Amino acid sequence: MDSSTVIVQQIAGITTLLTLAAVALAVARRLHVPFALAMIISGVALGAVAQIVPDGASGYLVPTIPPGIILFLFLPALTFEPALQIDLRQLRQHIVPVLTMAVGGVITTAGVVGLAVWWLTPLDLAWSLTLGAIVSAVDPVAVMALFGRLGVRARIIGIMEGETLIGSAVAIVTSRVLVAIALTGAMTSNDMWQGAGTVAIALFGGAVIGWVTALIWGWLLSKSEGDPFVETALTTVLAYASYLAAELMFGTSGVTATLVAGVTLGTWGRTKIYVAVESYLDKFWDFAAAATGATVLLLIGLTVDLTAAVTYWDVILVAIIAMIAA
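Given the structure is predicted, the values throughout are model-derived calculations rather than measurements.

What exactly am I supposed to notice about the packing of aromatic side chains here?
The geometry of an aromatic ring pair is captured by two quantities: the separation of the ring centres and the angle between the planes. Inspection of every chain in the model, using the stated rule, returns four aromatic pairs. Relative to tyrosine 243, the ring of phenylalanine 72 lies with its centre 5.6 Å away and its plane at 90 degrees, an arrangement referred to as edge-to-face. Note that phenylalanine 72 is positioned in helix α4 (residues 67-85) and tyrosine 243 in helix α11 (residues 228-249), a separation of 171 residues in sequence. On the accessibility criterion, phenylalanine 72 (30% relative accessible area) is partly exposed. You can call tyrosine 243 buried: its relative accessible area is 1%. Following the ring pairs from residue to residue traces out a cluster consisting of Phe80, Phe284 and Trp285.

Where do I start with unusual backbone geometry in this structure?
Among all residues except glycine, the phi angle is most often negative; among peptide bonds, the trans geometry is most common. In the Ramachandran plot, histidine 32 falls in the positive-phi region, its phi being about 60 degrees despite a non-glycine side chain. Locating histidine 32 in the fold gives a position in the loop between α1 (3-31) and α2 (35-52). Residue classification places histidine 32 among the exposed positions, given a relative accessible area of 70%.

What should I look at first to understand the environment of proline 66 in this one?
With respect to the element layout, proline 66 can be found in the loop between α3 (55-61) and α4. Taking C-alpha positions, proline 66 is 38 Å from glutamine 90, a pair spaced 24 residues apart along the chain.

Basis of the calculations
Residues numbered from 1 in each chain as written. Predicted model: local features only at pLDDT ≥ 70, side-chain atom pairs only at ≥ 80, totals over all residues. Heavy atoms only, no water. Phe/Tyr/Trp six-rings, centres within 6.5 Å; stacked < 30°, edge-to-face > 60°. Helix = DSSP H or I, 4+ residues; strand = E, 2+ residues; numbered from the N terminus. Buried < 20%, exposed > 50% of the residue type's maximum accessible area, 1.4 Å probe, protein only.

Printed below as a string of structure tokens:
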């Protein structure tokens, strides 16, 4: 297969995903089904269709997206947009419960799930804890929608938003460290302490890099003279520059860097953005995050192996019960 055919298949596959995401979102809203669940079910259905069509046609339905694309293309956009909307003053007021749940809650959930899976299934300790870390982050989409319908107090919603952002960063860094430990073999107490130190350094280092890059880009925004294209381009570059600098140049947490850069730009940096551009900028990032999030969820659905899920039903059941307990 020549390179031009591969490119056409990739573009067609991504077009299929975006079309399916739009249709699934409309149906989910009509049926009051959680967005994430609708996307994953749609991904599973698309994967089933791709299995029964001729081999030449399946490539136009399902794009082949390397894991690196998700980490370096999708993840910065998913992190930057909600960070841009965070109210820093409100976050400071609620910092104790936010950090308690984002750090303590994630680590507790990872530990409870990991130990339960280790004790009750054949999975070893390192991979059990890795599983716990992966499932410990909170997906707030359905919860926030429910909060909106119930008229939950703004304070609770603010805590939830802050916990989601910081907790996701902690979960991602923790799971990546645990994967590295699991790949080396047996886990020792020394590995655990070194891993905890690595997580702390990655989070702190990423935060510093995100703050510094946001200050630099804030200064650049002040020189843009209110051009919507320039200001949107600069914020896009900031999301990816902070992530890439942290990950590739300094070996720290790119997610934390992008998170802090977004929060900094969304508060202090707002004074550098022309008022007439703000609405344009917010709409752009709303679309970017929605399209990226829907694509990732569809890709998760595409990777679901129902046979494997049946085979490992006991591990899945233990993990679900442990998550509820945690």
